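One-letter residues, chain by chain:
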There are 2 protein chains.
Amino acid sequence: MSLTHAIMTSLLEKPCTGAELARRFDKSLGYFWQATHQQIYRELGKMELSGLIAAHGMPTARGQQRQFAVLAAGRSELASWCAQEGALRPIKDALLVRMRAAAVLGATGGDTVDILTEMRRHMLLHGEVLARYEAIEAHDFPAGSPRSAADELQLAVVRAGIAYENSWLAWCHQALAALEAG
Amino acid sequence: MSLTHAIMTSLLEKPCTGAELARRFDKSLGYFWQATHQQIYRELGKMELSGLIAAHGMPTARGQQRQFAVLAAGRSELASWCAQEGALRPIKDALLVRMRAAAVLGATGGDTVDILTEMRRHMLLHGEVLARYEAIEAHDFPAGSPRSAADELQLAVVRAGIAYENSWLAWCHQALAALEAG
DNA sequence: CACCCCATGTAAAGAGTTACATGATTTT
DNA sequence: AAAATCATGTAACTCTTTACATGGGGTG
């Protein structure tokens, strides 16, 4: 499971509390892997039990902050997961299901569903996300500054997001043109 | 939930049994929305109870084929779902988590994880999927042949897959070049 | 003190995966 | 008739989401 490993990655960068993790998952980290605070607390609990991480400070008590850090066992578990092979992520986008549904509804009974508005909406949203990613790239990886091997990896991750959003934007543009012409 | 609507879309195109649905989800339809036969049978049961679809033939009995077709209620439910707004689908790709993990493992303790091999593997796999999508486009939508409005929608869906895979391929190529240089 | 916010947590339902089971049909 | 295969289904588990609950600390 990747959530465990995403959390350990973030804790390795800097130990923190569950709430701070949830905030990170809402910001940069969460652009590539999302999690709610409920998931995070549950995983933290499991990982503590398994001895992958440890809380610096007090035992469980509501309302009390608990700072987590990765243990050696967690670090080696992360390294071993890293070396494993993973499957490609499938597309599974509801917009595409809606388009197929609109096609068959129109073809089999004359219901005409306006799917173009939804496609235009997606195009705008993809543009917004793209702008966020490009801002991250410009801010964290300015052109011309020296980059370590770790920086190169992080930059490649951001650029995956940029490529992904650019691809959707271009597709929306082209598909809308084709569908509006017909 | 989209699985319900993906199933109805497929049943509208042509009524069929659960097993045939599972086969379709393994082929063309499944390239954009995946489901196992267990999920499909569970959804079919729920949808039959809700009156969205009906089985032409015998009641529940193991081993007996049951042909499903969409009812009017199902059709209008599908149309109304089609008109709803959906959120963008987040990226959530384990390869990107592995890359960030490899970055932090290298930066904080000198563990060097070979992530390039996994990236090359993904590049090959994306190439294979792209070839499948392009074969579908060439076979089902040959250039120059007339296309209905429904055909244009279906083609746009296939091209979303092509754009998606092309984007990953280009990213893999560029990221590998950058990382191998460093 | 009353109020509000924040960090932490519980509960329940939805969605997906994996493993297994049973009746019918086909093959040998 | 035995074996293999297919269509259907159950069970258990994991992951995710949504809604709600509780304790502590700060502010008016």
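As the structure is a computational prediction, the values presented were derived from the model and not from experiment. (Residues numbered from 1 in each chain as written. Chains lettered and ligands numbered in written order. Predicted model: local features only at pLDDT ≥ 70, side-chain atom pairs only at ≥ 80, totals over all residues. Heavy atoms only, no water.)

*Asks:* Help me understand the relation of the copies chain A and chain B in this model?
*Replies:* One copy of the chain maps onto the other through a rotation about an axis followed by a shift along the same axis. Laying chain A over chain B is done by rotating through 180° and shifting 0.0 Å along the axis; what remains is an RMSD of 0.1 Å. On this basis, the relationship between the two copies can be described by a two-fold rotation axis. Of the C-alpha atoms belonging to chain A, the one lying closest to the rotation axis is found on Ser167(A), 3.0 Å away. Here 100% of the interface residues in chain A have copies in chain B that are interface residues too; the copies meet face to matching face. (Least-squares fit on C-alpha atoms with pLDDT ≥ 70 in both. Contact = heavy atoms within 4.5 Å.)

*Asks:* Please explain helix α6 (residues 116-140) of chain A as it appears in this structure.
*Replies:* Within an α-helix, residues lying three or four positions from one another point in the same direction, as the helix has 3.6 residues per turn. Residues and elements named next belong to chain A. The terminal C-alpha atoms of α6, which comprises 25 residues, lie 36 Å apart, in line with the 36 Å expected from a rise of 1.5 Å per residue. Taken as a whole, α6 has its buried residues at Leu 116, Glu 118, Met 119, His 122, His 126, Val 129, Leu 130, Tyr 133, Ile 136 and Glu 137. Check the buried side of α6 and you find it contacts α5 (94-109) and α7 (149-181). (Helix = DSSP H or I, 4+ residues; strand = E, 2+ residues; numbered from the N terminus. Expected span 1.5 Å × (residues − 1). Buried < 20%, exposed > 50% of the residue type's maximum accessible area, 1.4 Å probe, protein only.)

*Asks:* Help me understand the interface of chain A and chain B in this model?
*Replies:* Accessible area lost on assembly of the parts is the figure often given for the size of an interface. In this complex, chain A contributes 69 residues to the contact, which on the side of chain B involves 69 residues. Summing the contributions of chain A and of chain B, the shared interface buries around 6800 Å²; its carbon and sulfur component is 66%. Remark: the boundary between chain A and chain B carries six salt bridges. Residues Glu13(B) and Arg100(A) are paired through a salt bridge, measuring 3.3 Å at the closest nitrogen-oxygen approach. Taken together, the links from chain A to chain B amount to 32 residue pairs in polar contact (both at pLDDT 80 or more). (Buried area = accessible area lost by both parts, 1.4 Å probe. Salt bridge = Lys/Arg side-chain N within 4 Å of Asp/Glu carboxyl O. Polar contact = N/O pair within 3.5 Å; in protein donor to acceptor, adjacent residues only side chain to side chain.)

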